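# Fold and geometry: a report
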Amino acid sequence: MSGAGPNERQRVHSASPYETTFGFCRAIRVGERIIVSGTGPIEPDGSTTPGDAGAQADRCFAIAIAAIEELGGRAADVVRTRMYVTDLADQDAIGAAHARAFGAYPPAATMAGTPALVRPEWKVEIEVEAVLEART
């Protein structure tokens with residue numbers, strides 16, 4: 001995929017049922033920057049990913065990285081993550097998922113507690129930002 005112009009916007013969508021009803025896209029690329037919306041653990045059929053916080057975080061990262069790849073990037077281009085966690089006792093499991101996703105090229109990261117997310121069974125929601133570098 002060729003790079004987007006500085007003012008061109010490219011968007012991708014995912015299986016989230018909230019994208020249409022809430023009016024957002026999974027990710028948007030503007031120039032060499034890709035911003036991925038808050039990503040919950042949603043399966044292709046719209047259901048919530050089963051399992052613990054680590055499994056849910058793995059799914060969030062998989063969705064976010066797939067969106068980045070669809071827009072011409074890769075996990076190594078990620079420069080920032082934000083993880084919203086409903087129970088900070090899950091921080092180690094979520095942090096381990098983060099390390100699995102980005103361990104070789106760690107981005108700046110924030111993990112913050114929140115009392116609730118859109119679905120009560122969600123343990124984590126994750127935002128990701130990437131900056132693409134010129135490749136030869």
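Here the residue index of a chain counts from 1 through its sequence in written order. At least 70 in pLDDT is required for a residue's local features to be given in this predicted model, at least 80 for side-chain atom pairs to be given and counted, and no such filter applies to totals for whole chains, interfaces and linings, which use all residues. The basis for every side-chain value is the complete set of non-hydrogen atoms in the structure, without hydrogens or water.

The name an unreviewed UniProt entry assigns to the protein chain is RidA family protein, from the organism Alteriqipengyuania halimionae.

What follows deals with the sheet that holds strand β6 (residues 124–131). Here the rule is simple: two strands pair whenever DSSP picks up at least two bridges between them. Helix and strand labels come from DSSP, where a helix needs a run of H or I of at least four residues and a strand needs a run of E of at least two; each type is numbered from the N terminus. A sheet is described by the order of its strands in space; here six strands give the open sequence β1-β2-β3-β6-β4-β5, paired in mixed fashion. Of all the strands in the sheet, just β1 (9–12) and β5 (108–113) have a single pairing partner and so form its edges. The sheet shows a mean angle of 10° between the axes of neighbouring strands, direction not considered. With four bridges joining them, β1 and strand β2 (residues 27–30) adopt antiparallel strand pairing. Bridge assignment links R9 to a residue of β2, and that residue is V30. In what follows, a contact means two residues having at least one pair of non-hydrogen atoms within 4.5 Å. With axes taken as lines fitted to C-alpha atoms, and helix axes fitted only over the stretch in contact, angles between N-to-C directions fall between 0 and 180 degrees. Here helix α2 (residues 53–70) sits on the sheet in contact with β1, β2, β3 (33–39), β4 (78–85) and β6, set at roughly 30° to β6. Relative to β4, helix α3 (residues 91–102) is tilted by about 160°, and along the sheet it contacts β4, β5 and β6.

Looking now at the pattern of salt bridges. Each salt bridge in this description consists of a side-chain nitrogen of Lys or Arg and a carboxyl oxygen of Asp or Glu lying within 4 Å of one another. Within this structure, the stated rule accounts for seven salt bridges. The closest approach of N and O atoms between E129 and R33, which form a salt bridge, is 3.0 Å. Here E129 is found in strand β6, whereas its partner R33 is found in strand β3, with 96 residues between them in sequence. Exposure is judged per residue with a 1.4 Å probe applied to protein chains only, and the accessible area is read against the type maximum: over 50% gives exposed, under 20% gives buried, and values in between give partly exposed. Judged by relative accessible area, which is 41%, R33 ranks as partly exposed. Of the charged contacts, one joins E129 and R82 as a salt bridge, the two residues approaching to 2.7 Å between their closest N and O atoms. Pair noted here: E129 is in strand β6 and R82 is in strand β4, with a separation of 47 residues, a long-range link. For E129, a relative accessible area of 13% translates into the label buried. Its relative accessible area of 22% is what places R82 among the partly exposed residues.

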